[in-house]
Every structure is written in C-alpha cells, then in structure tokens.
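Chains, contacts and geometry: an overview
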Amino acid sequence: MVNRPDNPIANTSSDTGRSVSRNFIFPHRSVRFSDVGWGRILLAFIVALGLSLFLFRNAVPIMKLHTTLAIDLAGKLNLPIIGYKAVSVFPNMEPAQAPLTSVPKFLEIGTAGRMLWLVCLLGLTILAARFQLLRSFLVLLILLLLASALVSSIFERYEFDAGVFGQIWYRQVMLVWILLPWFTSILFLVFQPNILEGLGWVLLSQIYSFAFSVIRMTFVMGVLHYTGLILFPSVWFLVGTLAELIFLLQFYSISIYRATGKQYKARSSWVSSF
C-alpha cells in the first residue's frame, strides 16, 4: 500500500458499500499481491545476466541458425535467394551471413508493384478518414509511402544491396535479444506470483522473438524483391522494433490476466443472478 500524505476530503460510505475514507492508495491490481522482495530482484538479475551473456557468447551461431531458417522459409515461399554476404554486426559478434535477394531499381519495378503502392496509399487514407483514434499513426505511414516514392523517383537508378538490409536487421535484433531478458525478467519474475511461470514467460519471449524475427526478415526480403524501395520504409517501421514492442506488451497482458485471474475472484456485481 502507498501512503497518501493528506486526505483533505473524507469520503463517506455509500449504499453501494464502496466506502472509504483511508490514508493510502492501493497499488494496481496487476501488482497488488506480487511478492516483490530482494530475492525476486536477485533472481531476475541472475536470469537476465545469464541469458544476455549466453546470447553474447553465441551470437554468431545464433545468427547463422536464423539465416538458415530464413532461407528455408524463403524457399517454401518461392522467394529467390541468390547467395550470402558476410556482414559485421558488433565487436565479438561477427561475421553474420546475411541472405541476399535481388532488389529492383525504381525503373525496374513492375506494374503490380506500383499498383500495390497505390492500393496501400488509398487504403491507409480511407482508414485515416474513418478512424480518428488511429489517424496520427496512419498519417505517418502515408507520409513514409509518399516520401519513399518521391526519393525513389528522383534516384530511379539507385541500386540497393540486400546485404545492407541484412546487416541492419542483425544489428537491430541482436541488440533487442541481448536487452530483452532484462525487460522480461522485470515484467515476468519480479511482479509475477508464480516463479516457474515467470521463468516460462521469460524463455518463451526469447524464443518467440527469434522465431518472429525469422518470419519478419523473410517478409521484408520479399517486399524488397518484388517492390524495391517504394514500400520499404513503411514496412520497416511496422515490422521492425515496433513489432517487438507490441508482442512484448501482448505477452505481458496475457501473463497479468492469468496472474490476476488466480489471485482474484469475480466481484459480486459481475456475477449473474441467473
């Protein structure tokens, strides 16, 4: 409970039974019955440090497995992979083998690719007009589409190396994978009632992030191969770090829902009388 320094207005009991003149504020339901102590904090630190060191020391084989799975998935989707390129990531985390696919210049993009850009632009415009809550986010995507088309038309002969995309991708995901245990340990170990379930969520988050990265990387390579750079900035924004944040928030919401479901019973006002 959190002490409140003053209580100038004393609340009186009501007929509904929600009484309550008190000099403290209850913590949020998601953490109210969490057993937060030094033991939990120490465990979270050990788990986060251990996972981060493991990922750091095994970065090269992990990225190699990632590339192998991405190429296998690309083969199943009939996405042509023309080779590999050794790229530097971070010190003591190189080289990584980035898969390569052909990326057309703006002049070489077919009618289907240009029509897809137009359909995306019109679709986002309609959604922005329809949903006010998402308008700012959708307008940003629209601006990214327009900017990418404008720059591509000006530098219509620019050749983009897919190896550069692979290098940027691995720099991003390796940084996320090394930092992720620190966030998940705090979310799932410090504030979760069940330690074993918290450990499960930490490991599941790490595995899911790896598998999700394979799918996203293959998808972006497909976008580059068929549409060049006219959709790349918008797609990168959607499936890059933002996607990692969204999945982590989803996992946290599910874990909190499960934890509070075990700690609380349904309120009488929620229980049907039938």
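Some remarks on the overall build of the protein chain
Across its full length, the protein chain holds eight helices and four strands. Overall, the protein chain shows an N-to-C arrangement of helices and strands of β-β-α-α-β-β-α-α-α-α-α-α. As displayed, the protein chain offers around 16,700 Å² of accessible surface, 68% of which is attributable to carbon and sulfur atoms.

Focus on the pattern of salt bridges
On inspection of all chains with the given rule, the structure shows three salt bridges. Among the ionic pairs, Glu159 bridges to Lys105, the shortest N-O distance being 3.2 Å. Note that Glu159 is positioned in the loop between α4 (135-154) and α5 (162-190) and Lys105 in the loop between β4 (96-100) and α3 (111-130), a separation of 54 residues in sequence. What makes Glu159 exposed here is its relative accessible area of 56%. Given the relative accessible area of 21%, Lys105 is considered partly exposed. Glu244 is the salt-bridge partner of Arg216, the closest N and O atoms lying 2.6 Å from each other. Of the two residues, Arg216 is situated in helix α6 (residues 195-227) and Glu244 in helix α8 (residues 241-263); the sequence distance between them amounts to 28 residues. Judged by relative accessible area, Arg216 falls into the buried class, the value being 3%. Assessed through its relative accessible area of 5%, Glu244 is described here as buried.

A look at α6
The terminal C-alpha atoms of α6, which comprises 33 residues, lie 47 Å apart, in line with the 48 Å expected from a rise of 1.5 Å per residue. The positive-phi residue at the C-terminal boundary of α6 is Gly228, with phi of around 65°.

Regarding the packing of aromatic side chains
In total, this model carries 17 aromatic pairs according to the counting rule given. A centroid spacing of 6.3 Å and a plane angle of 80° characterise the contact between Phe212 and Phe247, whose relative ring orientation is edge-to-face. Of this pair, Phe212 sits in helix α6 while Phe247 is found in helix α8, placing the two residues 35 residues apart along the sequence. For Phe247, a relative accessible area of 2% translates into the label buried. On the numbers, 5.8 Å between centres and 50° between planes, the contact of Phe232 with Trp236 is tilted. Residue Phe232 and its partner Trp236 are located together in helix α7 (residues 232-239), separated by four residues, close to a single helical turn. What links up through ring pairs into an aromatic cluster is the set Phe188, Trp201, Tyr208, Phe212, Phe247, Phe251 and Tyr252. For Arg130, the ring lying beneath its charged end belongs to Phe131, and the centroid distance is 5.1 Å.

Some points on the nonpolar core
Core analysis: the largest hydrophobic core is formed by 47 residues, its most contacted members being Phe165, Met174, Trp177 and Val220. Counting residues per element, the ones that place at least two in this core are α2 (59-76), β4, α3, α4, α5, α6 and α7. Residue contributions to this core peak at nine residues, all from α5. When residues no more than four places from it in sequence are discounted, the contact partners of Val220 are Phe165, Trp169, Phe232, Val235 and Val239. Ranked by size, the runner-up nonpolar core spans 12 residues in total, among them Val47, Leu51, Leu189 and Trp201.

Let's talk about the packing of α3 against α4
Two elements in contact, α3 and α4, have axes whose closest approach is 9 Å; the angle formed by their N-to-C orientations is 155°. Taken together, the axes of α3 and α4 lie roughly antiparallel to each other. Regarding α3 and α4, the two cross each other, and that crossing is left-handed. For the pair formed by α3 and α4, the contact residues are Trp117, Cys120, Leu121, Leu124, Thr125, Leu127, Ala128 and Ala129 on the first element and Arg135, Leu138, Leu141, Ile142, Leu145, Leu146, Ser148 and Ala149 on the second. A breakdown of the residues in the contact of α3 with α4 according to their chemical character gives 13 nonpolar, two polar and one charged.

Focus on the confidence of the model for the protein chain
On average, residues of the protein chain score 82 in pLDDT, and 81% of them are at 70 or above. Of all the helices and strands in the protein chain, strand β1 (residues 2-3) carries the lowest mean pLDDT, 48, while α2 carries the highest, 93. This stretch, residues 7-14, has a pLDDT under 50; its non-local contacts, to residues over four places away or in other chains, come to eight contacts. Confidence drops under pLDDT 50 across residues 266-274; counting only partners more than four residues distant or on other chains, this segment forms three contacts.

Conventions we followed
- Residues numbered from 1 in each chain as written.
- Predicted model: local features only at pLDDT ≥ 70, side-chain atom pairs only at ≥ 80, totals over all residues.
- Heavy atoms only, no water.
- Helix = DSSP H or I, 4+ residues; strand = E, 2+ residues; numbered from the N terminus.
- Areas by Shrake-Rupley, 256 points an atom, 1.4 Å probe, with all protein chains shown as cover.
- Salt bridge = Lys/Arg side-chain N within 4 Å of Asp/Glu carboxyl O.
- Buried < 20%, exposed > 50% of the residue type's maximum accessible area, 1.4 Å probe, protein only.
- Expected span 1.5 Å × (residues − 1).
- Phe/Tyr/Trp six-rings, centres within 6.5 Å; stacked < 30°, edge-to-face > 60°.
- Lys NZ or Arg CZ within 6 Å of the ring centre and 35° of its normal.
- Core = buried A, V, L, I, M, F, W, Y, C linked by side-chain atoms within 4.5 Å.
- Contact = heavy atoms within 4.5 Å.
- Axes fitted to C-alpha atoms, helices over the stretch in contact; angles between N-to-C directions.
- Parallel < 35°, antiparallel > 145°, perpendicular 65-115°, else oblique.
- Left-handed = near helix turned anticlockwise from the far one by under 90°.
- Nonpolar A, V, L, I, M, F, W, Y, C, P; charged D, E, K, R; others polar.
- pLDDT = per-residue confidence, 0-100.

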